[in-house]
Amino acid sequence: MFLENLAETFVELADTLVADFDSVEFMHLLANRCVATLEVDAAGILLVDHHGELQVVGASSDRARLIELFELQHRQGPCMECYLTGEPVTVAGFTEAPQRWPEFSAVAKDAGFGALHALPMRLREQTVGALNLFSVEEGALSEPTLRVAQAMADVATIGLLQAQVISHRELLAGQLQHALQSRVLIEQAKGVLAERLQIDISTAFETLRRYARSHNDYLSTVAADVIAGTIDMAALTAVAEARHPRP
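The following refers to the structure shown. Keep in mind that what you see is a predicted model, and the values were worked out from it rather than measured. (Residues numbered from 1 in each chain as written. Predicted model: local features only at pLDDT ≥ 70, side-chain atom pairs only at ≥ 80, totals over all residues. Heavy atoms only, no water.)

**Some thoughts on the pairing of strand S1 (residues 42-48)**
In terms of residue burial, S1 counts as a mostly covered element, since six of its seven residues are buried. Pairing analysis gives six bridges linking S1 to strand S5 (residues 126-135), with the strands arranged antiparallel. Considered in S5, the bridge of Ala43 is made with Leu133. As paired strands, S1 and strand S2 (residues 54-59) are joined by five bridges and run antiparallel to one another. The partner of Val48 across the bridge, within S2, is Leu54. What sits between the antiparallel neighbours S1 and S2 is a turn of five residues, in which Gly52 has the positive phi angle 85°. (Buried < 20%, exposed > 50% of the residue type's maximum accessible area, 1.4 Å probe, protein only. Helix = DSSP H or I, 4+ residues; strand = E, 2+ residues; numbered from the N terminus. Pairing = 2+ DSSP bridges.)

In structure tokens form, the structure reads like this:
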């Protein structure tokens, strides 16, 4: 049964190459799968945002989420250290002295937890967050369990970064397509304007540019209006003649 759950977990974590990929839902899936698959009682995920600040993006329970929020508000604790160093951090018991983060340990203990393992969500040199596993009982998790947990964090990290790459590529592709379409519109508008105003192609292009600037409009929008015949031709003529007066 364990192997079946583990296999299903990795299949789900790898399924990020879809059009409607939701990173927040993905993080909640990871947290819940950690509880269902590993020997832990709760899980939480911290991810860094585009401002470089850590945010709680997934938790299997409200208790875990509140502990994560406490740590972020105080800007110290095992989970934050895990992210900053890119190395696993284990607190085998919140009652053992001395405690490195006594306030955090007290809050975690009051929430009913006895131990914590923070694992980096990292790919090569890039660390994007931390996966945090809470246990009610004190004591460190077994090495095989930790290896599986780290593998889950690694797969999730790869999925997140891959989704970002795909999104970036789609954005670039969309921008390129828009640029190509705009270029076609502008070329067509140059021809239309040259024919209507009896000017050469270079002057037609300069007229479009000057009109767009003077009206604080996009060149592609002006070109589309020229082609559609919805632009003020008198104003365009004035721009053309101001640059190249008729004899």
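Having seen it, we continue.
**Quick notes on the side chain of Ser105**
Along the polypeptide, Ser105 turns up in helix H5 (residues 102-110). The residues touching Ser105, leaving out its near neighbours within four places in the chain, are Phe94 and Gln99. (Contact = heavy atoms within 4.5 Å.)

**Some remarks on the packing of helix H3 (residues 62-74) against H5**
With their axes 10 Å apart at the nearest point, H3 and H5 run at an angle of 165° to one another. In terms of orientation, H3 and H5 fall into the roughly antiparallel class. Crossing hand, H3 versus H5: right-handed. Listed contacts from H5 to Ile67, Phe70, Glu71 and His74 of H3 are Glu103, Phe104, Val107 and Ala108. In terms of residue class, the contact of H3 with H5 is built from five nonpolar, one polar and two charged. (Axes fitted to C-alpha atoms, helices over the stretch in contact; angles between N-to-C directions. Parallel < 35°, antiparallel > 145°, perpendicular 65-115°, else oblique. Left-handed = near helix turned anticlockwise from the far one by under 90°. Nonpolar A, V, L, I, M, F, W, Y, C, P; charged D, E, K, R; others polar.)

**A word on the nonpolar core**
Core analysis: the biggest nonpolar cluster contains 25 residues, and Met27, Leu30, Ile45, Met121 and Leu133 have the highest contact counts within it. At the level of elements, helix H2 (23-37), S1, strand S4 (115-123), S5 and helix H6 (143-197) are the ones that each hand at least two residues to this core. The dominant element in this core, judged by the number of residues it contributes, is H6, at eight residues. One finds Ala64, Val89, Val91 and Ala108 within the second-largest nonpolar core, a separate group that totals 23 residues. (Core = buried A, V, L, I, M, F, W, Y, C linked by side-chain atoms within 4.5 Å.)

**Some words on the sheet that holds S2**
Backbone hydrogen bonds are what pair the strands of a sheet, in a parallel or an antiparallel way. In spatial order, the strands read S2-S1-S5-S4-S3; together these five strands make up an open sheet with antiparallel pairing. Only two strands of the sheet have a single partner each, and these edge strands are S2 and strand S3 (89-91). In this sheet, adjacent strand axes meet at a mean angle of 20° when their direction is disregarded.

**Re the pairing of S5**
Across the ten residues that make up S5, a large majority, nine, are buried. The pairing of S4 with S5 spans nine bridges and is antiparallel. Looking at the pairing, Leu119 lines up with Leu131 of S5. Counting the residues in the hairpin turn of S4 and S5 gives two residues, including Arg124, whose phi is positive at 55°.

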